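Observations on the model geometry
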Amino acid sequence: MSIDWTHFTPWASLSGGILIGVSAALFVLFNGRILGISGIVGGLLNPKSGDVAWRFVFLLGMACAPWLFLKFAPADLVQVPTIDAGNLTILAAGLLVGIGTRYGSGCTSGHGVCGLSRLSPRSLVATLSFMAAGFAMVFIVRHLLG
């Protein structure tokens, strides 16, 4: 195994992790809600009165943030990733993630960031489960099938 030093970005990753943690803490502090993306999206699928605007604005901000970064960041910081999968594979993966978040009562941000920081045993089990499933899938696809 070798490290791809060109794409090894510990400071950017650390900064991003800190921003996610601070955002999750502020969201709980000011809204009394867990910052789980699947819950935010799920609330739009079954809307309640007065509960749609903040969800929509939150998701709009998530969609606009990468675009703003690409527009204003220095060129040496911009690395456009390549995805080695077809549209059907990406669609199937998205559907499986959506189904998994429903069965697991949350997603990586809800369980992995917010749940673990609250020392939730359920979130620990969920996080260990989806991490193990991800590791297994990468191993299967890259070493057994690929």
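Presented here is a report on the structure given in the accompanying data block. It should be emphasised that the depicted structure is a prediction, and the values quoted were computed from it without experimental measurement.

Rules used throughout
- Residues numbered from 1 in each chain as written.
- Predicted model: local features only at pLDDT ≥ 70, side-chain atom pairs only at ≥ 80, totals over all residues.
- Heavy atoms only, no water.
- Salt bridge = Lys/Arg side-chain N within 4 Å of Asp/Glu carboxyl O.
- Helix = DSSP H or I, 4+ residues; strand = E, 2+ residues; numbered from the N terminus.
- Buried < 20%, exposed > 50% of the residue type's maximum accessible area, 1.4 Å probe, protein only.
- Axes fitted to C-alpha atoms, helices over the stretch in contact; angles between N-to-C directions.
- Parallel < 35°, antiparallel > 145°, perpendicular 65-115°, else oblique.
- Left-handed = near helix turned anticlockwise from the far one by under 90°.
- Contact = heavy atoms within 4.5 Å.
- Nonpolar A, V, L, I, M, F, W, Y, C, P; charged D, E, K, R; others polar.
- Expected span 1.5 Å × (residues − 1).
- Phe/Tyr/Trp six-rings, centres within 6.5 Å; stacked < 30°, edge-to-face > 60°.
- Core = buried A, V, L, I, M, F, W, Y, C linked by side-chain atoms within 4.5 Å.
- Disulfide = S-S within 2.5 Å.

1. Brief notes about the pattern of salt bridges
Pairing between side chains of opposite charge can happen when the charged atoms of each approach one another. One pass over the structure, following the stated rule, counts two salt bridges. Here Asp51 ties to Arg33 by a salt bridge, and the two come within 3.3 Å at their closest N and O atoms. Of this pair, Asp51 sits in the loop between α2 (37-45) and α3 (53-72) while Arg33 sits in the loop between α1 (10-31) and α2, and the two are 18 residues apart along the sequence. When its relative accessible area of 9% is taken as the criterion, Asp51 is described as buried. Linking Asp51 and Arg55 is a salt bridge whose minimum nitrogen-to-oxygen distance equals 2.7 Å.

2. Quick look at the packing of helix α5 (residues 108-117) against helix α6 (residues 121-145)
Remark: α5 packs on α6, axes separated minimally by 9 Å, with the N-to-C direction vectors making an angle of 135°. By the angle class used here, α5 and α6 are oblique. Both α5 and α6 take part in a crossing whose hand is left-handed. Across from Thr108, His111, Gly112, Gly115 and Leu116 in α5, the residues of α6 making contact are Arg122, Ser123, Leu124, Ala126, Thr127 and Phe130. When its residues are assigned to classes, the contact of α5 with α6 shows four nonpolar, six polar and one charged.

3. A look at helix α4 (residues 87-103)
End to end, α4 covers 24 Å across 17 residues, agreeing with the expected 24 Å (1.5 Å per residue, within 8%). Remark: Ser105 follows α4 within two positions and exhibits a positive phi of approximately 55°.

4. Concerning the packing of aromatic side chains
Tallied over the entire structure, the rule returns three aromatic pairs. Ring centres of Trp5 and Phe8 lie 5.2 Å apart, and the angle between their planes is 80°; this geometry places the pair in the edge-to-face category.

5. Regarding the environment of Ser123
Take Ser123: it is sitting in helix α6. Since its relative accessible area comes to 2%, Ser123 is described here as buried. Sequence-distant contacts of Ser123, defined by excluding residues within four places in its chain, comprise His111, Gly115 and Leu116.

6. Observations concerning the nonpolar core
Counting five residues, the largest nonpolar core consists of Ala24, Phe27, Leu35, Ile40 and Cys114. The residues touching Cys114, leaving out its near neighbours within four places in the chain, are Ala24, Ile34, Leu35 and Ser109.

7. Let's talk about the state of the cysteines
As used in these notes, a disulfide is a covalent bond between sulfur atoms, one from each of two cysteines. For the structure on display, the rule yields zero disulfides. Just so you know, Cys114 is unpaired, no disulfide at all, and the nearest cysteine sulfur is the one on Cys107, 8.5 Å from it. The buried category is assigned to Cys114, whose relative accessible area is 4%.

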